[in-house]
Amino acid sequence: MVVAEYWKADYLFWVFPAMIAAGLLSGIGLLLILLSIKFYARYTCGMYKRKTKMDGKTVIITGCNSGIGKETAKDLAMRGARVIMACRNIEMAEKVKDEIIDITNNKNVIVKKLDLSSFASIRAFAQDINTTEPRLDVLIHNAGYADLLKKRKSADDIELTLATNHYGPFLLTHLLIKLLKKSSPSRIVVVASSLYRLGYFNINNPNPVNDFSGYQYYVSKEANILFTKELSRRLEGTGVTVNCLHPGLIDTGIWNSIPRPLSWFWNLVIKGFFKTPTEGCQTTVMLAVDEDLLKTTGKYFSDCQESSVSNTASDMKRAKKLWEISEKMVKLDENDPRI
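Quick summary incoming for the structure in this document. The model shown is predicted, which means the values in this text are computed figures rather than measured ones. (Residues numbered from 1 in each chain as written. Predicted model: local features only at pLDDT ≥ 70, side-chain atom pairs only at ≥ 80, totals over all residues. Heavy atoms only, no water.)

### Examining the overall build of the protein chain
For step 1, the next point in the chain: Summing up its helical and strand segments, the protein chain has 10 helices and eight strands in all.
For step 2, the next point in the chain: A burial count over the protein chain gives 50% of its 339 residues as buried.
For step 3, the next point in the chain: Put simply, of all contacts in the protein chain between residues at least 6 apart along the chain, 79% involve residues at least 24 apart.
For step 4, the next point in the chain: Carbon together with sulfur atoms contributes 57% to the accessible area of the protein chain, which is approximately 17,100 Å² in total. (Helix = DSSP H or I, 4+ residues; strand = E, 2+ residues; numbered from the N terminus. Buried < 20%, exposed > 50% of the residue type's maximum accessible area, 1.4 Å probe, protein only. Contact = heavy atoms within 4.5 Å. Areas by Shrake-Rupley, 256 points an atom, 1.4 Å probe, with all protein chains shown as cover.)

### Considering helix α4 (residues 119-132)
For step 1, the next point in the chain: Here α4 contains 14 residues, and its C-alpha end-to-end distance of 20 Å stays within 8% of the 20 Å for a straight helix at 1.5 Å per residue.
For step 2, the next point in the chain: Within the sequence span of α4, burial applies to F119, S121, I122, F125, A126 and I129. When α4 is viewed along its axis, its buried side chains cluster within an angular range of 155° and face the same direction. Facing away from the buried side of α4, by more than 90 degrees, are the exposed residues A120, Q127 and T131.
For step 3, the next point in the chain: Structurally, α4 contributes buried residues whose contacts are with β1 (58-62), β2 (82-87), β3 (109-113), α5 (160-182) and α10 (316-329). (Expected span 1.5 Å × (residues − 1). Arc of directions from axis to C-beta.)

### Some remarks on a nonpolar patch on the surface
For step 1, the next point in the chain: On the surface, a cluster of nonpolar side chains totalling about 400 Å² of accessible area is made up of L149, Y200, F212 and Y215.
For step 2, the next point in the chain: Residue position: Y215 is located in helix α6 (residues 213-234). (Patch = residues over 30% accessible without salt bridge, like charges linked within 9 Å, V, L, I, M, F, W, Y side chains within 5 Å. Salt bridge = Lys/Arg side-chain N within 4 Å of Asp/Glu carboxyl O.)

### Some points on the pattern of salt bridges
For step 1, the next point in the chain: All chains considered together, the criterion is met by 16 salt bridges.
For step 2, the next point in the chain: Between R82 and E133 there is a salt bridge, with the nearest N and O atoms lying 2.7 Å from each other. Note that R82 is positioned in strand β2 and E133 in the loop between α4 and β4 (138-141), a separation of 51 residues in sequence.
For step 3, the next point in the chain: Linking R338 and E327 is a salt bridge whose minimum nitrogen-to-oxygen distance equals 3.6 Å. Here the residue R338 occupies a position in the segment after α10, and E327 occupies one in helix α10, the gap between them amounting to 11 residues.
For step 4, the next point in the chain: Connected through salt bridges with shared partners, the residues R50, D290 and D292 form a single ionic network.

### Brief notes about the pairing of strand β6 (residues 240-246)
For step 1, the next point in the chain: Within β6, seven of the seven residues are buried, leaving the element largely enclosed by the surrounding structure.
For step 2, the next point in the chain: What you see with β6 is no split at all: V240, V242, C244 and H246 on one side and T241, N243 and L245 on the other are buried throughout.
For step 3, the next point in the chain: Here strand β5 (residues 186-191) pairs with β6 via six bridges, running parallel. Looking at the pairing, V189 lines up with N243 of β6.
For step 4, the next point in the chain: Handedness of the crossover joining β5 and β6 through α6 is recorded here as right-handed.
For step 5, the next point in the chain: As paired elements, β6 and strand β7 (residues 300-302) share three bridges and run parallel to each other. (Pairing = 2+ DSSP bridges. Right-handed = clockwise from strand over helix to strand, strands pointing away.)

### Some words on the sheet that holds β4
For step 1, the next point in the chain: The strand order β3-β2-β1-β4-β5-β6-β7-β8 describes an open sheet built from eight strands, whose pairing is mixed. A single partner strand is all that each edge strand has here, and the edge strands are β3 and β8 (305-307). Each strand axis lies, on average, 25° off the axis of its neighbour in the sheet, ignoring direction.
For step 2, the next point in the chain: In terms of strand pairing, β1 meets β4 through three bridges, oriented parallel. Across the sheet, the residue bridging to I61 is I140, located in β4.
For step 3, the next point in the chain: Contacting β1, β2 and β3, α4 crosses the sheet at an angle of about 140° to β3. (Axes fitted to C-alpha atoms, helices over the stretch in contact; angles between N-to-C directions.)

### Brief notes about the packing of aromatic side chains
For step 1, the next point in the chain: Per the stated rule, a full pass over the model turns up six aromatic pairs.
For step 2, the next point in the chain: Aromatic pair Y215 and Y218: ring centres 6.4 Å apart, planes at 80°, arrangement edge-to-face. Separated by three residues within a single helix, Y215 and Y218 lie in helix α6, roughly one turn from each other.
For step 3, the next point in the chain: Overall, Y215 belongs to the partly exposed group, its relative accessible area being 30%. (Phe/Tyr/Trp six-rings, centres within 6.5 Å; stacked < 30°, edge-to-face > 60°.)

Here you go:
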């Protein structure tokens, strides 16, 4: 009994405090590592610092009532562009428009209804633009959708993530291509993501309505890159360029679908390493305005620098096949422009 009490006391006064100290040191070490990673992410964050003006130019930005789209719209309005905010939520977009006008003093900012998951909405929007706008200098495919768990289909019975992130932009580009060519030199900018490396577009299953919905975000981002590659090839010599980009991991509403309790850890720890929307829009802005990139096309950028992509995402045979599949999925008819 005396020996047992002796070891109990030894544990309480020596071993237990030592374990606490070791735990604290480990925690401090982990904290230092995390802070180092955060510092590195901020230090290597590409920022576009040129003051290039956009007076007299018209830009369409999809999905820009929040996040990096909103910051892109604000930046380009500040440069003097006519900014067309193509958004699904008109009420929210109108509030953002007023905010942008107040900040930039550029009253040439307008809102138009566009739901990229609906082919009917895309066609109505494109008809409006082609009828009312004399030029289109930059088309920015910024809108993005993701849902981790819920399987959803669009009004056209297409898996909702792919409908919004790939098939919608594919159709919209076709319907606006004549105006872009007329306005050349003009640009198309596609917001992709390095998360494409986690996905693979299955050309044998272009409408994966029964597959895991969260995975389709990665698939759609690979489709964005393949689309950019093939579109660039088809637009060669037209004066219309197209490039895509990885904006970085951004603290935006696209992550709101993460379920509990994973979302708790996500919000407390992971999001601390994300870029702000202002930091995230820098590469988009650069691709839209930089004069040195006037003839650059078919490239992938990250942190305001050209970057490389995987072999599968640069496979032109896959890109061509995806294009042919997409033409059928969006139901292009004989009266629609072809690229």
